[in-house]
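Chain and residue survey
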Amino acid sequence: MGLSISQLKKLFKKATHAVKDEKDIPDARLAFSAILSSSAISKSVDIREAYSLDVPFDVIKGEMAVKDEASLYIHGGAFALGTKEDYRAIVSTLSDLLSMEMYIPQYRLLPEHSFSDMIDDIYSTYRFIKNKGYKKIFIIADGAGAYLTTILIKKITANSLPLPVKIAMISPFLDLKCSSLSLENKKKDCAFSPESLSFFASCVLKEKEDNNLIEEDLTCSEILSSFPPIFIQVSNAELLYNDSVRLKDSLLNKNKKVDMEVYEDAFHLFQSLPDISPLSYVACTSLAKHLKEV
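These notes cover the structure that comes with them.

Basis of the calculations
- Residues numbered from 1 in each chain as written.
- Predicted model: local features only at pLDDT ≥ 70, side-chain atom pairs only at ≥ 80, totals over all residues.
- Heavy atoms only, no water.
- Phe/Tyr/Trp six-rings, centres within 6.5 Å; stacked < 30°, edge-to-face > 60°.
- Core = buried A, V, L, I, M, F, W, Y, C linked by side-chain atoms within 4.5 Å.
- Buried < 20%, exposed > 50% of the residue type's maximum accessible area, 1.4 Å probe, protein only.
- Helix = DSSP H or I, 4+ residues; strand = E, 2+ residues; numbered from the N terminus.
- Contact = heavy atoms within 4.5 Å.
- Axes fitted to C-alpha atoms, helices over the stretch in contact; angles between N-to-C directions.
- Parallel < 35°, antiparallel > 145°, perpendicular 65-115°, else oblique.
- Left-handed = near helix turned anticlockwise from the far one by under 90°.
- Nonpolar A, V, L, I, M, F, W, Y, C, P; charged D, E, K, R; others polar.
- Salt bridge = Lys/Arg side-chain N within 4 Å of Asp/Glu carboxyl O.
- Pairing = 2+ DSSP bridges.

Let's talk about the packing of aromatic side chains
- For the structure on display, the rule yields eleven aromatic pairs.
- Feature note: the residues Phe57, Tyr103, Phe128 and Tyr134 constitute an aromatic cluster, connected by ring pairs.

Concerning the nonpolar core
- By size, the foremost hydrophobic cluster in this structure holds 103 residues, and its most contacted members are Tyr73, Phe79, Phe115 and Ile140.
- Per-element accounting of this core gives the leading share, eight residues, to helix α5 (residues 144-158).
- Those residues in contact with Tyr73 that lie beyond four places of it in its chain are Tyr87, Ile90, Val91, Leu94, Met102, Tyr103, Ile104, Pro105, Ile140, Asp142 and Ile170.

Looking at the side chain of Ser221
- Looking at the element boundaries, Ser221 is found in the loop between α6 (194-205) and β7 (230-235).
- The residues touching Ser221, leaving out its near neighbours within four places in the chain, are Glu215 and Lys254.

Structural notes on the packing of helix α3 (residues 88-98) against helix α8 (residues 279-292)
- Running from N to C, α3 and α8 cross one another at 50 degrees; their axes reach a closest spacing of 9 Å. If you check the angle between α3 and α8, you find them oblique. Every pair of crossing elements has a handedness; the one defined by α3 and α8 is right-handed. Across the interface between the two elements, Ile90, Thr93, Leu94, Leu97 and Leu98 from α3 touch Tyr281, Cys284, Thr285, Leu287, Ala288, Leu291 and Lys292 from α8.
- Here the contact of α3 with α8 is built from residues that sort into nine nonpolar, two polar and one charged.

Considering the pattern of salt bridges
- Summed over the entire model, instances satisfying the criterion amount to 17 salt bridges.
- The closest approach of N and O atoms between Lys206 and Glu22, which form a salt bridge, is 3.2 Å. Of the two residues, Lys206 is situated in the loop between α6 and β7 and Glu22 in the loop between α1 (5-17) and α2 (25-36); the sequence distance between them amounts to 184 residues.
- In this structure Lys206 comes out as exposed when scored by relative accessible area, which is 53%.
- Since its relative accessible area comes to 38%, Glu22 is described here as partly exposed.
- Glu293 is the partner of Lys289 in a salt bridge, and the nearest nitrogen-oxygen pair spans 2.9 Å.

Side note on the pairing of strand β2 (residues 55-62)
- Within β2, six of the eight residues are buried, leaving the element largely enclosed by the surrounding structure.
- Relative to β2, strand β1 (residues 45-52) is paired through eight bridges, and the arrangement is antiparallel. In the sheet register, Ala50 faces β2, and the bridge partner there is Phe57.
- Linking β1 back to β2 in an antiparallel pair, the connection comprises two residues, with Leu53 at a positive phi of about 55 degrees.
- Summarising the sheet, β2 and strand β4 (residues 101-105) pair through five bridges and their orientation is antiparallel.

Observations concerning unusual backbone geometry
- A cis geometry characterises the amide bond from Leu110 onward to Pro111, with omega recorded as 5 degrees.
- Take Pro111: it is sitting in the loop between β4 and α4 (115-131).
- Phi at Leu53 takes a positive value of approximately 55 degrees, unusual for a residue other than glycine.
- Relative to the assigned elements, Leu53 resides in the loop between β1 and β2.
- Although it is not a glycine, Ser160 adopts a positive phi angle of roughly 55 degrees.
- Residue position: Ser160 is located in the loop between α5 and β6 (166-170).

These figures capture arrangement, not role.
Written out as C-alpha cells, the structure is:
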C-alpha cells in the first residue's frame, strides 16, 4: 500500500527537510527509504545484481527491452541518502517505458566517503555499460544525481570515452552555493528547506580545496559545453526550480540542444510515487518519449 500525502510530508521532513547535521543522517536515510520503497516494483521486469570492480549495481530489464540500448540511472538523495533498492520502482517503470536495460549503481555516500569515491563508482559503472557493446547509452538523473552526472561527463570527456547520446535530469540540484533557490516555494516544498539543502551542499564543498572536480555552481559551468542533448523535468513548486531554469538558459547560450518540461504544484520526485501523484506515470511516459527522441 502506498503512502498518503500526509505520511509523505512527515517522512520527507525526517528524510530531507529537517536535516541540519551529520547526526541526523542515519534517521534521514531510513525515512528516505520508506518514501521510495512504498511504490510497487513492476512485475514485468527482471532485476539482477552485478559488480564492476567493487561497485555493486542493479540491472533492471523490462520484458520488451532491446539489446542495443541501455540507460544509467544516477540517483539523487542529496549526496548522502538513497540506495539502489530505493530506486527500483521508478527505474523499473522507466525500463518498461523505454524498452531498454537500466543500471543503478550503489555509489558510496557522503559523509562517510569522499566525493571522488562517488564519482569513481559511477564512472566504473558507466565503463561497464560501455564495454557491454550497446549502440546507444542514455543517462537519467534526479536531484543531486544531476550534479554527479555533470562531473561524470567531465571525466568521460577527459578519458576520451564515448558520451551518452542523451541525458534526462529530474529536478537537478546544481548550485551548491544555494544562492538562487526559488525561495517563493519555501512553504510549498515538502522535500527540502533552504537550510537542509545548504547542509547537504556543504558536505561536498568542504572537499573543494582538495578536489578540482568540485564546482560551486554547475548551472553555468563550461563543462556544459561538452554535453549531449538534454531533457529537464521539474515542478514549479520546488526550491530547486531555478536550477532547472538557469541550466536551460545556460545550455541555450552555449547552443546546446535542451528541452524543459514544467509540472504545476508537484512535489519533488513525484515521478517515483504513482500512488500519491496522478502525474507520476504521465511524467515518466513523457520523459521516456523525450529521451528516445535523439
